[in-house]
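Descriptive structure summary
Listed below are the residues making up each chain.
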Amino acid sequence: MSKINSDKEKLSLAQREELLRALKTRFEKNMTRHRGREWANVQAKLKANTEKLWSLNEMERSGGEPDVVGFDKKTGEYIFFDCSAESPKGRRSFCYDGEALQSRKEHKPENNAIDMAAAMGIELLTEEQYRELQQLGNFDAKTSSWVKTPSDIRKLGGAIFCDRRYGHVFVYHNGAESYYAARAFRGSLRV
């Protein structure tokens, strides 16, 4: 993931403070997602990597409710996932990627999941990460989320998405050009 350098992709001091307050509140309300972690350490990492705050703010602004879900001991990075109960409202009704968007002849969606995630500086969750998220709570009980699709499936025109129904996580497929009002994407960010 390339670093964000544009002036428009920087937060003011007030925006940074507001975001840090929201992240701290969510962190403290959901300690089961990050047992053994302390907010002071997360905050120190965030303050040392302010370019990542812009991406977290984009996750927050689009309804993702990002929260710490892990820590990579090898890299020393905290892992954030979108933890909104349902797929993020500000990212719904998108097809899977730019190729799928271009293939639509009519009724094109506003955007696509892959390009929007890249513009936000985040990655789509993989199927494995989606299943990890579901171990932390019940997500997407009424919605669904595109996940990173293996290239062999994408080459054939498909894309995969997941949701939770009947107490189980399901993985489905669709044409990559499809889009639905209840489907968005969930992202991850390492800080």
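Residues numbered from 1 in each chain as written. Predicted model: local features only at pLDDT ≥ 70, side-chain atom pairs only at ≥ 80, totals over all residues. Heavy atoms only, no water.

A few words on helix α3 (residues 50-61). Along an α-helix, a turn takes 3.6 residues, which lines up residues three or four apart on a common side. For α3, spanning 12 residues, the distance from its first C-alpha to its last is 17 Å, which sits close to the expected 16 Å at 1.5 Å a residue. Inspection of α3 places L53, W54, S55, L56, N57, E58 and M59 among the buried residues, and these make up the whole buried set. Elements that come into contact with the buried residues of α3 comprise α1 (13-29), α2 (39-48), β1 (66-72), β2 (77-82), α5 (113-120) and β8 (187-190). Trailing α3 by a residue or two, G63 shows a phi angle of about 95°, which is positive. (Helix = DSSP H or I, 4+ residues; strand = E, 2+ residues; numbered from the N terminus. Expected span 1.5 Å × (residues − 1). Buried < 20%, exposed > 50% of the residue type's maximum accessible area, 1.4 Å probe, protein only. Contact = heavy atoms within 4.5 Å.)

For the rest of this paragraph, the subject is the sheet that holds β1. Judged by pairing direction, the sheet is antiparallel, and its 4 strands sit side by side in the order β1-β2-β8-β3 without closing on themselves. Every other strand in the sheet has two partners, leaving β1 and β3 (123-124) as the edge strands with one partner each. Strand direction decides the pairing type here: β2 and β8, joined by 3 bridges, are antiparallel. Residue F81 lies in a different strand from β8, and its bridge partner there is S188. Taken strand by strand, α2 contacts β1 and β2, and its axis lies near 95° from that of β2. This element, helix α6 (residues 127-134), spans β2, β3 and β8 of the sheet and lies at about 80° to β2. (Pairing = 2+ DSSP bridges. Axes fitted to C-alpha atoms, helices over the stretch in contact; angles between N-to-C directions.)

Considering every residue of the protein chain, the mean pLDDT works out to 94; 96% of them sit at 70 or more. Here residues 1-5 is modelled with pLDDT under 50, and outside its nearest four sequence neighbours on either side it reaches 10 contacts, counting other chains as well. (pLDDT = per-residue confidence, 0-100.)

Here the focus is the sheet that holds strand β5 (residues 158-165). Read from one edge to the other, the open sheet built from 4 strands follows the order β6-β5-β4-β7, with strand pairing classed as mixed. For this open sheet the edge positions go to β6 (168-175) and β7 (183-185), each flanked by a neighbour on one side alone. Going from strand to strand, the sheet's axes swing by 35° on average, the running direction of each strand aside. Here 3 bridges tie strand β4 (residues 144-146) to β7, and the two strands are oriented parallel to one another. If you follow W146 over to β7, its bridge partner there is F185.

In this section: the pattern of salt bridges. Tallied over the entire structure, the rule returns 12 salt bridges. Across the pair R91 and D82 runs a salt bridge whose closest N-O atoms are separated by 2.6 Å. An identical accessibility class is assigned to R91 and D82; each is buried. Put simply, R154 and D97 hold a salt bridge, and the shortest N to O gap is 2.7 Å. With R154 in helix α7 (residues 151-155) and D97 in the loop between β2 and α4 (98-103), this residue pair connects regions lying 57 residues apart in the sequence. (Salt bridge = Lys/Arg side-chain N within 4 Å of Asp/Glu carboxyl O.)

For the largest pocket, the calculated volume is near 310 Å³. In terms of lining, the largest pocket is formed by 21 residues, of which the most central are I79, F81, Q129, S188 and R190. Listed by contribution, the elements that provide at least two residues to the lining of the largest pocket are β1, β2, β3, α6 and β8. (1 Å grid on protein atoms, 1.4 Å probe; cavity = no way out; pocket = protein on both sides within 12 Å on 5 of 7 lines; lining within 4 Å. Points joined across faces, edges and corners; volume = space filled by probe spheres on them.)

On to the side chain of D67. Take D67: it is sitting in strand β1. Here D67 falls in the buried class, since its relative accessible area comes to 1%. Excluding its chain neighbours within four sequence positions, the residues that come into contact with D67 are R26, F27, N30, R33, H34, I79, F80, F81 and C83.

By size, the foremost hydrophobic cluster in this structure holds 33 residues, and its most contacted members are V42, L46, L56, F80, W146 and F185. Of all the secondary structure elements, the ones that give two or more residues to this core are α1, α2, α3, β2, α4, α5 and β5. For F185, the contacting residues outside a window of four places in its chain are D82, P88, R91, F94, A113, M116, A117, M120, I122, L124, S145 and W146. Among the nonpolar cores identified, the runner-up in size contains 12 residues, and V69, F81, Y130 and F139 belong to it. (Core = buried A, V, L, I, M, F, W, Y, C linked by side-chain atoms within 4.5 Å.)

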